[in-house]
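Take a look at the letters that make up each chain.
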Amino acid sequence: MPEPFTVLIMAAGRGTRMRSETPKVLHRICGKPMVEWVVDAARRAGAGRVVCVVRPGDGVADGLPNDVAVAEQREGEGTGAAVLAARDAMGDGPVVVLSGDHPLITAEQIAALVEEHQRAKAGATLLTTDQLEPSGYGRIVRTDRGEVERIVETKYTEGVPPDELAIREINLGTYVFEAPHVFDALDEVGLDDGERYLTGALPVLKGDGAKVVAHLTDDAAVALGINDRAGLMQAEALAQRRILEYHALEGVTFLQPATSRVEAEVTIGAETVIGPGVSLLGRTSVGERCEIVQAHVVDAEIHDDATIGPFTYLRPGTVVRRGAKVGTFVEVKNSDIGEGAKVPHLSYVGDADVGERSNLGASTITANYDGRTKHRTNLGKSVKTGVHTSLVAPLDVGDRAYTGAGSVITGDIPEGALGIARSEQRNVEGYADRVEEDSK
Ligand code: UD1
Ligand code: CA
């Protein structure tokens, strides 16, 4: 059993290369803020305590889970200053330091690093790779005997000797240190371009006789650090692949994965088939054996055996119950589509309850908004609306009721009745002859 460890996440960087008002670590990857990816990996790796370093008032702390402690970096710049900001929040023992801008770090990788650190009785263990384009990263300088000597920063290359710039092995900003030693070492690190570098602690620790171990990974996703929005795109693609593979292994079929977007918090049941052009976003949940094709789904709940699409928009608060169908050119918002109910074509269903086995004719529209407030439409069980029915809410339609095609329904319909609200048809005899006469 590894010793319990604390995780410190550095998330207080300025992230200027993102060209954004939003702090870098709040940019989302597959719908989930970068920093939360890191928090989740830390938790799953078995972290005893997670501390996130933020800037006062930058908003990063607001979205964090309650069990994540927050330390504010009130002074100093650089990763060393970030770690020092969490000094009082740390006990003794192993501290895993993670970078908020390396979101695809995995729990397995963190656990493996801690294990190696403890097996080697190291004072510092860091994750490195030689699989990325190394520019801008810190390069690992090793001694003749292969030990880590120091790290050369290359964000600014001026004054960096060519042989050091040629090094391909880079620091990934993922470390295991020992508290309190790492803090004592950082006290001795001077400023570099106004920043206190965490990497500056390594030579100090070495000087005190500690062992510094580098662990090489060739997993490009784990390694990827995000400094700009090009990096964000790369991470998005890698994360999306990871999410789809996870669901695929759990029994979900993706017919055209390159056109599927499934965000991080989405759940999907086994035997569900996702066809081309499907986006499942936010906290959407999908049951088992569903079929979904060409659909944009946001925070909706789709139960087992439902059929969605093609060309369907399900908005927040939508519940599609077991075996129901929501079909072509249909938008549903904040509505409950009952078991086995069908909304097959060209409809807008907003703020409505549709009872089980009801069937809405093509182009049934709820008029849920009177310009000031939203009102609900309640349709009972086995209701059948004719094509082109407008349901003007608030409205109650009883079980087994019907509406006539083309009706504008403004009043309740009792159980089993037909509601019909349209003008009588009138035929004007000889109309075509009259038109022809007039145009002579
Ligand atoms: C850092 C490493 C570099 C490594 C790279 C990996 C240092 C000195 N350099 O460089 O060796 O190759 O990461 O991506 O550590 N942060 C704070 N407070 C600050 C500054 C940064 O919390 O004052 C946080 C950032 O939010 C970010 C992380 O620390 O999550 C890394 O900071 P960043 O400025 O991106 O470091 P790099 O220059 O990329
Ligand atoms: Ca960085």
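Going by the structure above, here's the rest.
Okay, so let's go over this structure.

Here is what the cut-offs are and how they apply
Sequence order as written defines the numbering, with residues in each chain counted from 1. The order in which chains are written sets their letters, starting at A; the order in which ligands are written sets their numbers, starting at 1. With pLDDT at 70 or above as the cut-off, local features in this predicted model cover only qualifying residues; side-chain atom pairs require 80 or more to be listed or tallied, and sums for whole chains, interfaces and linings still use all residues. Calculation of side-chain values draws on the structure's entire complement of heavy atoms; hydrogens and water are dropped beforehand. Note on pairing: DSSP must find at least two bridges between two strands before they are called paired. Only DSSP runs of H or I covering at least 4 residues are called helices, and only runs of E covering at least 2 are called strands; the numbering of each starts at the N terminus. Every patch collects residues that have over 30% relative accessible area and no salt bridge, joining them within 9 Å if they carry like charges and within 5 Å if they are nonpolar side chains (Val, Leu, Ile, Met, Phe, Trp, Tyr). Throughout, the Shrake-Rupley method with a 1.4 Å probe supplies accessible areas, and for residues the shown protein chains are the sole cover considered. Salt bridge, as applied in this entry: a Lys or Arg side-chain nitrogen positioned within 4 Å of an Asp or Glu carboxyl oxygen. Metal donors: N, O and S atoms at distances within 2.8 Å, or within 3.2 Å for Na, K and Ca, with water omitted from the atom set so that some sites may seem incomplete. Relative accessible area decides the class of each residue, using a 1.4 Å probe on protein chains only: under 20% of the type maximum gives buried, over 50% gives exposed, and in between gives partly exposed. By this rule the span expected of a helix is its residue count minus one, scaled by 1.5 Å. The contact criterion used throughout is that any non-hydrogen atoms of two residues lie within 4.5 Å. Side-chain atoms within 4.5 Å are what join buried Ala, Val, Leu, Ile, Met, Phe, Trp, Tyr and Cys residues into a set we call a nonpolar core. A 3.5 Å cut-off defines polar contacts: any pair of N or O atoms within that distance qualifies, except that in protein one atom must be a possible hydrogen donor and the other a possible acceptor, and neighbouring residues in sequence count only when both atoms are side-chain atoms. Nearness is defined per residue: one heavy atom within 4 Å of the molecule or strand is enough. Each residue is assigned to one class: nonpolar for Ala, Val, Leu, Ile, Met, Phe, Trp, Tyr, Cys and Pro, charged for Asp, Glu, Lys and Arg, and polar for all the others, Gly among them.

## Comments concerning the sheet that holds strand β32 (residues 377-379)
- An order of β14-β17-β20-β23-β26-β29-β32-β35 is seen for the eight strands of this open sheet, with the pairing classed as parallel. Of all strands in the sheet, those bounded by a partner on one side alone are β14 (267-268) and β35 (395-397).

## Points about a nonpolar patch on the surface
- A cluster of nonpolar side chains, contributed by Phe311, Phe329 and Leu346, occupies part of the molecular surface with about 320 Å² of accessible area.
- Secondary-structure assignment places Phe329 in the loop between β24 (325-328) and β25 (330-333).

## Structural notes on the coordination of the calcium ion (ligand 2)
- Around the calcium ion (ligand 2), the protein supplies Asp101 (OD) and Asn227 (OD1) as donor atoms, at distances of 2.4 to 2.6 Å. Linking Asp101 in the loop between β6 (93-99) and α3 (107-119) with Asn227 in the loop between α7 (220-223) and α8 (229-249), this pair joins segments that are 126 residues apart in sequence.
- Residue Asp101 is classed as buried on the basis of its relative accessible area of 17%.

## Concerning α3
- For α3, built from 13 residues, the straight-helix expectation of 18 Å at 1.5 Å per residue is met to within 8% by its first-to-last C-alpha distance of 18 Å.
- For α3, the complete set of buried residues consists of Ala107, Gln109, Ile110, Leu113, Val114, Glu116, His117 and Gln118.
- Buried-residue contacts for α3 involve α1 (34-44), β6, β7 (124-129), β10 (170-179), β11 (212-216) and α7.

## Digging into the pattern of salt bridges
- Tallying each qualifying case throughout the model produces 29 salt bridges.
- Measuring nitrogen to oxygen at the nearest pair gives 2.8 Å for the salt bridge that ties Arg142 to Glu169. One end of the pair, Arg142, is in strand β8 (residues 139-142); the other, Glu169, is in the loop between α4 (162-165) and β10, with 27 residues separating them in the sequence.
- Its salt-bridge partner being Glu147, residue Arg145 comes within 3.3 Å of it at the nearest N-O pair.
- Through salt bridges with shared partners, one network takes in Glu288, Arg289, Asp304, Asp305 and Arg322.

## A word on the nonpolar core
- Residues Ile29, Leu280, Ile292, Ile302, Leu314 and Ile337 are the most contacted members of the largest nonpolar core, which totals 52 residues.
- Top contributing element to this core by residue count: α8, with five residues.
- Apart from the residues within four sequence positions on either side, Ile292 is in contact with Val273, Ile274, Gly275, Val278, Leu280, Val286, Ile302 and Ile308.

## Some remarks on the environment of Ser135
- Relative to the helices and strands, Ser135 is located in the loop between β7 and β8.
- Between the alpha carbons of Ser135 and Glu153 there is a distance of 9.7 Å; along the sequence they are 18 residues apart.
- Polar contacts involving the side chain of Ser135 include one to the side chain of Glu133, which spans 2.3 Å.

## Comments concerning the site of ligand 1
- By nearness alone, 24 residues border ligand 1, and Ala12, Gln73, Thr79, His102 and Asn171 come closest of all.
- A distance of 2.8 Å separates an oxygen atom of ligand 1 from a polar atom in the backbone of Gly78.
- Relative to its unbound accessible surface of 740 Å², ligand 1 loses 94% to contact with the protein.
- At the level of elements, α2 (79-85) and β10 are the ones that each hand at least two residues to the shell around ligand 1.
- The class makeup of the residues in the shell around ligand 1 is seven nonpolar, 11 polar and six charged.

## Considering unusual backbone geometry
- Residue Ala179 is joined to Pro180 through a cis peptide bond whose omega torsion reads 5°.
- A cis amide bond links Gly309 with the next residue in sequence, Pro310, at an omega value of -5°.
- Structurally, Pro310 can be placed in the loop between β21 (307-308) and β22 (312-314).
- Positive phi values are uncommon outside glycine, yet Ser363 reaches one of about 65°.
- The residue Ser363 is located in the loop between β30 (359-360) and β31 (365-367) in this model.
- The phi dihedral of Arg400 falls on the positive side, at around 60°, and the residue is not glycine.

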